[in-house]
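# Observations on the model geometry
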Amino acid sequence: MTAPAGIRPDELAAHVGTQVALSDWITVDQARIDAFAHATGDHQFIHVDQEQAAQGPFGGTIAHGFLTLSLLAGEFMTHGGAPHIDGARLTVNYGLNRVRFIAPVRAGSRLRNRAVLQSAEPGQGFVQITVANTIEIEGADKPACTAESVFRVYL
């Protein structure tokens with residue numbers, strides 16, 4: 001069962017265990033990988049040297065695991081991959097639990113995030129939610145990444 005587009009804070013508990021978001025597909029191309037390498041200083045050949053990477057175990061360049069993970073905070077948040085809480089004034093990333101990089105993301109792959117609400121705990125002026133994310137690779141049997149995101153949603 002998928003939760004409705006907007007969830008009222010007082011209804012969150014009823015949606016624990018349900019899919020609360022499914023993002024659009026996002027392409028991770030070589031330009032994005034190169035930009036991430038530049039921003040982080042991680043220029044390992046498997047990410048940025050197409051010729052050398054073609055000789056490696058993945059047959060070409062792959063995205064950084066942390067690039068894939070970072071999509072949870074950016075692209076997937078704005079393209080339907082995170083739950084929408086009605087009346088939220090501000091949502092902040094509070095942390096991550098249980099992050100795993102399961103399958104490589106080859107340059108040119110398309111990814112999307114499937115989000116399942118795991119918990120909702122009220123606080124003073126906010127609700128803290130934990131969401132189980134599965135970042136899927138289009139056409140692949142295994143996901144690129146799984147991670148639990150913890151958010152504080154200020155009301």
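About the criteria used
- Residue positions within a chain follow its written sequence, with the count starting from 1.
- For a predicted model such as this one, the threshold for reporting local features is a pLDDT of at least 70, and the threshold for listing and counting side-chain atom pairs is 80 or more; totals across whole chains, interfaces and linings nevertheless cover every residue.
- Based on all heavy atoms of the structure, the side-chain values leave hydrogens and waters out of the count.
- The pocket and cavity definitions rest on a 1 Å grid over protein atoms only: a 1.4 Å probe that fits but cannot leave marks a cavity, an open set with protein on both sides within 12 Å along at least five of seven lines marks a pocket, and residues lining either have an atom within 4 Å of a point.
- Grid points are joined across faces, edges and corners, and a volume is the space filled by probe spheres set on the points.
- The helix and strand labels rest on DSSP assignments: H or I over at least four residues marks a helix, E over at least two residues marks a strand, and numbering proceeds from the N terminus.
- Residue polarity follows a fixed list, in which Ala, Val, Leu, Ile, Met, Phe, Trp, Tyr, Cys and Pro are nonpolar, Asp, Glu, Lys and Arg are charged, and the others, Gly among them, are polar.
- Criterion used throughout: strands pair if DSSP finds at least two bridges between them.

### Some points on the layout of surface pockets
Estimated volume of the largest pocket: approximately 160 Å³. What lines the largest pocket is M77, A82, P83, H84, I85, A88, T91, I129, F151 and V153. Of all the elements in the fold, those that place two or more residues in the lining of the largest pocket are β4 (84-85) and β8 (145-154). Residue classes in the lining of the largest pocket are distributed as eight nonpolar, two polar and no charged.

### Regarding the pairing of strand β6 (residues 109-122)
By the bridge criterion, three bridges tie strand β2 (residues 19-22) to β6 in an arrangement that is antiparallel. Pairing of Q19 across the sheet is with V116, part of β6. Bridge count between β6 and strand β7 (residues 126-137): eleven bridges; the pairing is antiparallel. By the bridge assignment for β7, S119 is matched with T130. Following β6, the chain reverses through three residues before pairing antiparallel with β7; G125 in that reversal takes a positive phi of roughly 85 degrees.

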